[in-house]
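Residue strings, one per chain:
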Amino acid sequence: MFKKFTKDDVHTQTNVKSSVQRALRTKLVNQYPKLEESIKILMPKKSTVVLYKCEDKINLYAVNDEVLFYQKFDELFPSLKLIHMYPSCFPRVQVDRGAIKFILSGANIMCPGLTSKGAKLPDEDIAKGTTVAVYAEGKENALAVGKLLMSTDEIKKVNKGMGIELIHYLADGLWNFEIE
């Protein structure tokens, strides 16, 4: 989604009203329940939230000059910087070392990269369509954000084809996006 994203893709920038901020906080907590404890630190009531409207109906939301999440149509996605701040608040999967170079070049994640030695899928099933933080074997921080194309149980059973659609990864356009 952000492979070729640049400042030229941003059309407008506006401050978000407090009523819209409340709705965003509620929506974030509904989508990511573990964020509830941190939401007041993440988006304080008196903070300035800036909305950047971009190409392809993408909205970026920045707090304190840091893009923390983005919206594509009606769904909110965390940025990697937000995941790095609150890693325990998001569902996580782990890929093996062999998948790292492909992910960092923007490739979707294949099922064998999620089920091989060195990879880890959670014991509890995560539903298809869930946004997950993607970690790599031997690395401390997430390297990507993706959306499950099948449930984790299906990934374990089928072990073929694409398992995760990559949305945002380290060193893509959003990661390098600087607010001036």
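Residues numbered from 1 in each chain as written. Predicted model: local features only at pLDDT ≥ 70, side-chain atom pairs only at ≥ 80, totals over all residues. Heavy atoms only, no water.

**With respect to the packing of aromatic side chains**
Line of reasoning, step 1. As enumerated under the stated definition, the model contains 4 aromatic pairs in all.
Line of reasoning, step 2. Taken together, a centroid distance of 5.2 Å and an interplanar angle of 65° make the contact between tyrosine 32 and phenylalanine 90 edge-to-face. With tyrosine 32 in the loop between helix H1 (18-31) and helix H2 (39-42) and phenylalanine 90 in the loop between helix H3 (80-85) and strand E6 (92-95), the pair connects residues that are 58 residues apart, well separated along the chain. In this structure, tyrosine 32 and phenylalanine 90 share a single accessibility class: buried. (Phe/Tyr/Trp six-rings, centres within 6.5 Å; stacked < 30°, edge-to-face > 60°. Helix = DSSP H or I, 4+ residues; strand = E, 2+ residues; numbered from the N terminus. Buried < 20%, exposed > 50% of the residue type's maximum accessible area, 1.4 Å probe, protein only.)

**Looking at the side chain of arginine 25**
Line of reasoning, step 1. With respect to the helices, strands and loops of the structure, arginine 25 is situated in helix H1.
Line of reasoning, step 2. Glutamate 36 provides the closest opposite charge to the buried, unpaired arginine 25, separated from it by 11 Å.
Line of reasoning, step 3. Among all residues touching arginine 25, those that are not within four sequence positions of it are Ile39, Met43, Pro44 and Lys45. (Lys, Arg positive; Asp, Glu negative; His and termini not counted. Salt bridge = Lys/Arg side-chain N within 4 Å of Asp/Glu carboxyl O. Contact = heavy atoms within 4.5 Å.)

**Some details on the sheet that holds E6**
Line of reasoning, step 1. An order of E6-E8-E9-E10-E7 is seen for the 5 strands of this open sheet, with the pairing classed as mixed. Here the strands that pair on one side only, and so sit at the sheet edges, are E6 and strand E7 (109-110).
Line of reasoning, step 2. Strand direction decides the pairing type here: strand E9 (residues 144-148) and strand E10 (residues 162-169), joined by 5 bridges, are antiparallel. Bridging across to E10, glycine 146 finds its partner in leucine 166. (Pairing = 2+ DSSP bridges.)

**Topic: H1**
Line of reasoning, step 1. Between its first and last C-alpha, H1 extends 20 Å over 14 residues, near the 20 Å set by a 1.5 Å rise per residue.
Line of reasoning, step 2. Taken residue by residue, H1 has Gln21, Leu24, Arg25, Leu28 and Val29 as its buried positions. Looking straight down H1, one finds that the buried residues subtend no more than 130° of arc, so they occupy a single side.
Line of reasoning, step 3. Considering only its buried residues, H1 is in contact with H2, strand E2 (49-54), strand E3 (58-63), strand E4 (66-72) and strand E5 (75-78). (Expected span 1.5 Å × (residues − 1). Arc of directions from axis to C-beta.)

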